[in-house]
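# Understanding the architecture of this molecule
One-letter residues, chain by chain:
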Amino acid sequence: YLSWENNASQARTCAARILAEHPGSGFAARAHVLIAQASQSLGQEQEAIGHYRSVLAQHGNEEEPVRPALAELKRLLSPAQTYSLLASYERSYPIGQAFLDDATFAAARDLLLIDQQIPEALARLSRFIRLYPISQHLNEALLLRGEGYQQLDSVRPALADYEALFARRQVPAALLTRAQ
């Protein structure tokens, strides 16, 4: 089963066999991830998405398989689809929220910087700041939300975020310079 490093087709076949023979084992989540990764390398993105979604649905409290599934789904789905998926996942697995901060932040950030959906991005950044007050991304979330408010000419909320950012300790100088 474990000799599939250089052969995506064989990897997918072996991992599918693990799922068929041991569906309830501790290897099932990893097998879904391997099938998804192999499918991606074979250009079968929809199959990969299906297996990553299976990881979230069936193994949502297992951090090891969920992290790569979330990371890849973020790459494969649009920011709006990613956010919808994250919201559904949070409802199904509240305990899993502890390792959702990366994906939740990235989805909100991309909505602002890539899709330019400023009001929706501001709502998601506000939610992120409320849900993850000790996240490693909190400083950047405050800065981005301030910049988003600035783009909407909402000076007071922008200033409040910049002031909150300056009030925090150990903020990287690059973020403080952008906030100024």
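Structure report, in brief. One numbering rule holds for all chains: residues counted from 1, following each sequence as written. It should be noted that, the model being predicted, local features are given only for residues of pLDDT at least 70 and side-chain atom pairs only at 80 or more, the latter also being counted only at that level, while totals for whole chains, interfaces and linings use all residues. Water and hydrogen atoms play no part in the side-chain values, which are based on all heavy atoms of the structure.

### Comments concerning helix H7 (residues 118-131)
An α-helical turn contains 3.6 residues, so a residue and the one three or four places further along point in the same direction. The terminal C-alpha atoms of H7 lie 20 Å apart, and with 14 residues this matches the ideal 20 Å at 1.5 Å per residue to within 8%. Working definition: with a 1.4 Å probe on protein chains only, accessible area under 20% of the residue-type maximum means buried, over 50% means exposed, and in between means partly exposed. Secondary structure follows DSSP: runs of H or I at least 4 residues long count as helices, runs of E at least 2 residues long count as strands, and numbering of each begins at the N terminus. All buried positions along H7 are accounted for by Ile118, Ala121, Leu122, Arg124, Leu125, Ser126, Phe128 and Ile129. Here the expected length of a helix is defined as 1.5 Å per residue gap, with one fewer gap than residues.

### Observations regarding the packing of aromatic side chains
Aromatic rings from Phe, Tyr and Trp, with only the six-membered ring used for Trp, were paired whenever their centres fell within 6.5 Å, and each pair was classed as stacked if the ring planes differed by under 30 degrees, edge-to-face if by over 60, and tilted otherwise. Evaluated as defined, the whole model comprises two aromatic pairs. Between phenylalanine 105 and phenylalanine 128 the ring centres are 5.6 Å apart and the planes differ by 50°, which places this aromatic pair in the tilted class. Highlighted residues: phenylalanine 105 in helix H6 (residues 101-113) and phenylalanine 128 in helix H7, separated in sequence by 23 residues. Take phenylalanine 105: its relative accessible area is 1%, and that puts it in the buried class. Look at phenylalanine 128 and tyrosine 132: their rings are 5.2 Å apart centre to centre, the planes differ by 40°, and that puts the pair in the tilted class. An aromatic cluster is present here, built from Phe105, Phe128 and Tyr132 joined pairwise through their rings.

### Let's talk about the pattern of salt bridges
Take a side-chain nitrogen of Lys or Arg and a carboxyl oxygen of Asp or Glu: if they are within 4 Å of each other, that pair is a salt bridge. Here the structure, examined in full by the defined rule, presents eight salt bridges. The partner of glutamate 21 in a salt bridge is arginine 17, and the shortest N-O contact between them spans 2.8 Å. Of the two residues, glutamate 21 and arginine 17 both sit in helix H1 (residues 8-21), four residues apart, roughly one turn of that helix. Accessibility expressed as a relative area gives 48% for arginine 17, which makes it partly exposed. Residue arginine 75 pairs with glutamate 72 through a salt bridge whose shortest N-O separation is 3.0 Å. Here the residue arginine 75 and the residue glutamate 72 both occupy positions in helix H4 (residues 63-76), the gap between them amounting to three residues, near one helical turn. If you follow the salt bridges from partner to partner, you end up with Lys74, Arg109 and Asp110 in one network.

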